[in-house]
Every structure is written in structure tokens, then in C-alpha cells.
Amino acid sequence: MPKAVWNNQVIAESATTVLVEGNHYFPKDSVNEEFFRASPTQTTCPWKGQAHYVTLEADGKQSVDAGWFYPQPKDAAQNIKDHYAFWRDVVVTD
């Protein structure tokens, strides 16, 4: 089952992730939002739409913009609406 771990904390875990471009997108109900802090960062993907980022915080540590999601994805990416993906120092395992 795919799991996202950061700073020895399980950030997300789900058997129903969506794999897109090598990234596991975790459904919103499978993520531990207590570690999330809103970030002003946004990026645009030509086919997915506008991504919004979150910074992770736990035990006095921070990983800036380590997660992202598409609250209003384009039609081609509706399957990842309100799903989170992670990078940087987040370890995602199958």
C-alpha cells in the first residue's frame, strides 16, 4: 500500500492512490492534514491546471512546498481532484 513518510511521520497512506507522471496522488481522506500548512506557492501544468502547495511541519521541522494538489483540475486530470502528491524530502513507497 503506498505510503508517504516525512520526518518519521506518516503523512499519507492509501491503497487507492492515482499514479500520474510517476507520482502517487493520495485521496484527501487518506492524508494527515495536521502536518500541513498552507503555502502561497502555485504552479500551472498545461494539462492538469493550477497546483496549490502545502508546507509540512512537525517537531520543529519544516519542508517548504513538499506537497501539492489540484483543487480545480482541467478535464484531463479530474481523477486527481483533491488528491495530494509529495516530493522533496518526503519518501513515498509502494
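Presented here is a report on the structure given in the accompanying data block. Model, not experiment: these values are computed from the prediction.

**Describing the pairing of strand β6 (residues 49-58)**
Point 1. Judged by how many residues are buried, β6 sits mostly within the fold: 7 of 10 residues are covered.
Point 2. Sheet analysis places strand β5 (residues 36-45) next to β6, joined by 7 bridges and oriented antiparallel. Bridging across to β6, Cys45 finds its partner in Gly49.
Point 3. In textbook terms, the turn of a hairpin is the stretch between consecutive antiparallel strands, and for β5 and β6 this stretch comprises 3 residues.
Point 4. Bridging between β6 and strand β7 (residues 61-69) involves 6 bridges; their strand directions are antiparallel. Following the sheet pairing, His52 is matched in β7 by Phe69.
Point 5. Counted between consecutive antiparallel strands, the loop separating β6 from β7 contains 2 residues, among which Asp59 sits at a positive phi close to 50 degrees.

Parameters at a glance
Along each chain, residues carry numbers from 1 onward, in the same order as the chain's sequence is written. Since the coordinates come from a predicted model, pLDDT governs what is reported: local features require at least 70, and pairs of side-chain atoms require 80 or more to be given and counted, while whole-chain, interface and lining totals use all residues. Each side-chain value is worked out from all heavy atoms of the structure, with water and hydrogens disregarded. Using a 1.4 Å probe on the protein chains alone, a residue whose accessible area is under 20% of its type maximum counts as buried, one over 50% counts as exposed, and one in between counts as partly exposed. Where helices and strands are cited, they refer to DSSP runs of H or I of at least four residues and of E of at least two residues respectively, numbered from the N terminus. In this description, strands pair whenever DSSP reports at least two bridges between them.

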